[in-house]
Amino acid sequence: QVHIVESGGGLVQPGGSLRLSCATSGIMFSMYAMGWYRQAPGKQCELVAMISRSGRINYGDSVSGRFTVSRDNAKNTAYLQMNSLKPEDTAVYYCNAMKPASSATYWGQGTQVTVSS
């Protein structure tokens, strides 16, 4: 059974930092691209960051330079380091595991990030 579990969300002041973790089990982690997405109230879901199996990284325009995505294949876990947080970063953040060239894709339940003074 596949489990994708995000953690690390919470309330932080503008300018602060948070580190999200995405722990996985039930998949061959190294074979999956890992993505972070977010959805704010009334807005569409958007890509925050993605790291491929080989470590190639893409960021959404709104977070480039502030967020850093990484993965630890030994721990079957992906991370999202978020610095210089802004109120507009407030959203539910979701982790996605996707196996390229297949239909295998799995989502976590999401973790709330709120940036407010």
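Residues numbered from 1 in each chain as written. Predicted model: local features only at pLDDT ≥ 70, side-chain atom pairs only at ≥ 80, totals over all residues. Heavy atoms only, no water.

**Structural notes on the state of the cysteines**
Formally, a disulfide is one covalent bond, and it connects the sulfur atom of one cysteine to the sulfur atom of another.
For step 1, the next point in the chain: Scanning the entire structure with this criterion turns up 1 disulfide.
For step 2, the next point in the chain: The residue that forms a disulfide with Cys-22 is Cys-95, at a sulfur-sulfur distance of 2.0 Å. Between Cys-22 and Cys-95 the sulfur-sulfur dihedral comes to about -80°; the bridge is accordingly left-handed. Separated by 73 residues along the polypeptide, Cys-22 in strand β3 (residues 18-25) and Cys-95 in strand β9 (residues 91-98) bring together distant segments of the chain. (Disulfide = S-S within 2.5 Å. Helix = DSSP H or I, 4+ residues; strand = E, 2+ residues; numbered from the N terminus.)

**Some details on the pairing of strand β11 (residues 111-115)**
Regular strands show a simple pattern: their side chains alternate between the two faces of the sheet.
For step 1, the next point in the chain: Only one face of β11 is covered, namely the one carrying Thr-111, Val-113 and Val-115; the face carrying Gln-112 and Thr-114 has none of its residues buried.
For step 2, the next point in the chain: Summarising the sheet, β9 and β11 pair through 3 bridges and their orientation is antiparallel. The partner of Ala-91 across the bridge, within β11, is Val-113. (Buried < 20%, exposed > 50% of the residue type's maximum accessible area, 1.4 Å probe, protein only. Pairing = 2+ DSSP bridges.)

**A look at the sheet that holds strand β8 (residues 77-82)**
For step 1, the next point in the chain: Reading across the sheet, the 4 strands line up as β1-β3-β8-β7 and stay open at both edges, with antiparallel pairing between neighbours. Edge strands, defined here as strands with exactly one partner in the open sheet, are β1 (3-7) and β7 (67-72). Taken pair by pair, the neighbouring strands of this sheet meet at an average axis angle of 15°, ignoring direction. (Axes fitted to C-alpha atoms, helices over the stretch in contact; angles between N-to-C directions.)

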